[in-house]
Amino acid sequence: MTTYYPAFINLIGKKCVVVGGGKIAERKVLSLLNAGANVTVISPDLSSALERYKNRGKIKHIKRGYKKGDIKNAFLVIAATSDEAINSMVSKDAPFLVNVVDRPELANFIVPSVVNRGPMTIAVSTSGASPAMAKAVRKELEVFYNKDFGQYMSFLKQLRERAIKEIPNKKERERFLKDVASREVFNILREKGIIAAKKRVVEKFRLLKKGLC
Ligand SMILES: C[C@@]1(CC(=O)O)C2=NC(=C\c3[nH]c(c(CCC(=O)O)c3CC(=O)O)Cc3[nH]c(c(CC(=O)O)c3CCC(=O)O)/C=C3\N/C(=C\2)[C@@H](CCC(=O)O)[C@]3(C)CC(=O)O)/[C@H]1CCC(=O)O
Ligand SMILES: NC(=O)c1ccc[n+]([C@@H]2O[C@H](COP(=O)([O-])OP(=O)(O)OC[C@H]3O[C@@H](n4cnc5c(N)ncnc54)[C@H](O)[C@@H]3O)[C@@H](O)[C@H]2O)c1
């Protein structure tokens, strides 16, 4: 079994090509668009959702079958056709990063199942052992780390910036920055919600600045 190296890739403005325009291509295109990629789809046809992205100018579409040379300048390529031979050809032609939806052994990366919570991303992979399991675990994590975590995380980003400026003592600052991610705050977030959790950490911040805790 391959041991993959997990990483988060910055795709903003990067040329990404998806070969194939069906259901699976659609899922991969959506995640590329969410990451700010510049997406081209090469396929004789498009699913209805991909057709909508095209009409809204979100993707470029080359309306034909794949040809050698199509992906020579692509940063990232996804071979998502229903034709194994074409997918294998795409994987050989890809200059850099390549994912193959039906033959992971021909790819140099695989796509995980993802929970997005504001600036926090949880990615689950089974190294291809069971994509259905990756999805099921993702669904459990979505419940455990509910939407309030996303809001809380966005709020923490700002609070952390303030703490770095306003709590000069390194030890105190570190104590505070660890406290915002404590079990106690998580429990407040889950049981009482975002407003109560924010109140709890803001109060701590205020007391620390006054030298009262
Ligand atoms: C996570 C997710 C991300 C995404 O695609 O966005 C993803 N597959 C998802 C769902 C899913 N895929 C499949 C089923 C049916 C049940 C099952 O087979 O388990 C379901 C479940 C469903 O649809 O409900 C079938 C399937 N998948 C692959 C093959 C080929 C093979 O195994 O050789 C076949 C057989 C095709 C056939 O039978 O012909 C291969 C891959 N699928 C991967 C990712 C990569 C490994 C991820 C990992 O485990 O680490 C890898 C290796 C390559 C890649 O695609 O990157 C997404 C869930 C998103 C979500 O959270 O909703
Ligand atoms: N990785 C995964 O998560 C996963 C999950 C299920 C299925 N699959 C695999 O993904 C493949 C695609 O599944 P789908 O449901 O999207 O199929 P689909 O039939 O809906 O779509 C296939 C697409 O490929 C296009 N295509 C065919 N030949 C082409 C060529 N020469 N050049 C460019 N495009 C071409 C078709 O026009 C169509 O748009 C299946 O073969 C299946 O084995 C992968």
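Parameters at a glance
Residues numbered from 1 in each chain as written. Chains lettered and ligands numbered in written order. Predicted model: local features only at pLDDT ≥ 70, side-chain atom pairs only at ≥ 80, totals over all residues. Heavy atoms only, no water. Phe/Tyr/Trp six-rings, centres within 6.5 Å; stacked < 30°, edge-to-face > 60°. Helix = DSSP H or I, 4+ residues; strand = E, 2+ residues; numbered from the N terminus. Lys NZ or Arg CZ within 6 Å of the ring centre and 35° of its normal. Buried < 20%, exposed > 50% of the residue type's maximum accessible area, 1.4 Å probe, protein only. Arc of directions from axis to C-beta. Contact = heavy atoms within 4.5 Å. Polar contact = N/O pair within 3.5 Å; in protein donor to acceptor, adjacent residues only side chain to side chain. Near = heavy atom within 4 Å. Areas by Shrake-Rupley, 256 points an atom, 1.4 Å probe, with all protein chains shown as cover. Nonpolar A, V, L, I, M, F, W, Y, C, P; charged D, E, K, R; others polar.

Caption draft 1: Quick peek at the packing of aromatic side chains. If you walk through the whole model with that rule in mind, you get six aromatic pairs. Ring centres of Phe75 and Phe96 lie 5.1 Å apart, and the angle between their planes is 65 degrees; on these two criteria the pair is classed as edge-to-face. Of this pair, Phe75 sits in the loop between β3 (59-62) and β4 (76-79) while Phe96 sits in the loop between α3 (84-93) and β5 (97-100), and the two are 21 residues apart along the sequence. Note on Phe144 and Tyr145: the rings are 5.0 Å apart at their centroids and 85 degrees apart in plane angle, and the pair reads as edge-to-face. Members of the aromatic cluster, joined through ring pairs, are Phe144, Tyr145, Phe149 and Phe186. Here the basic side chain of Arg190 rests over the ring of Phe144, its NZ or CZ set 3.7 Å away from the ring centre. One residue, Arg190, lies across the ring of Tyr145, its end atom 5.4 Å from the ring centre.

Caption draft 2: Main features of helix α6 (residues 170-179). All of the buried residues along α6 are Arg173, Phe176 and Asp179. End-on, the buried residues of α6 take up no more than an arc of 125 degrees, which puts them together on one face. Opposite its buried face, α6 presents the exposed residues Lys170, Lys171 and Lys178, each directed more than 90 degrees away. Packed against the buried residues of α6 are α5 (147-166), α7 (183-191) and α8 (194-209). Regarding α6, its N-cap is Asn169, as a side-chain oxygen of that residue lies 3.0 Å from the backbone nitrogen of Lys171 further along.

Caption draft 3: View of the site of ligand 1. Ligand 1 sits among 18 residues. The nearest are Lys28, Ser113, Ser125, Thr126 and Arg138. In the environment of ligand 1, an oxygen atom lies 3.2 Å from a nitrogen or oxygen atom belonging to the backbone of Ser127. Taking Gly128, its main chain carries an N or O atom lying 3.3 Å from an oxygen atom of ligand 1. Considered on its own, ligand 1 offers 1100 Å² of accessible surface; in the complex 66% of this is hidden by protein. Secondary-structure elements contributing two or more residues to the shell around ligand 1 are α1 (23-34) and α4 (131-144). Among the elements that line the shell around ligand 1, the one with the most residues is α4, at four residues. Across the shell around ligand 1, the residue classes break down as seven nonpolar, six polar and five charged.

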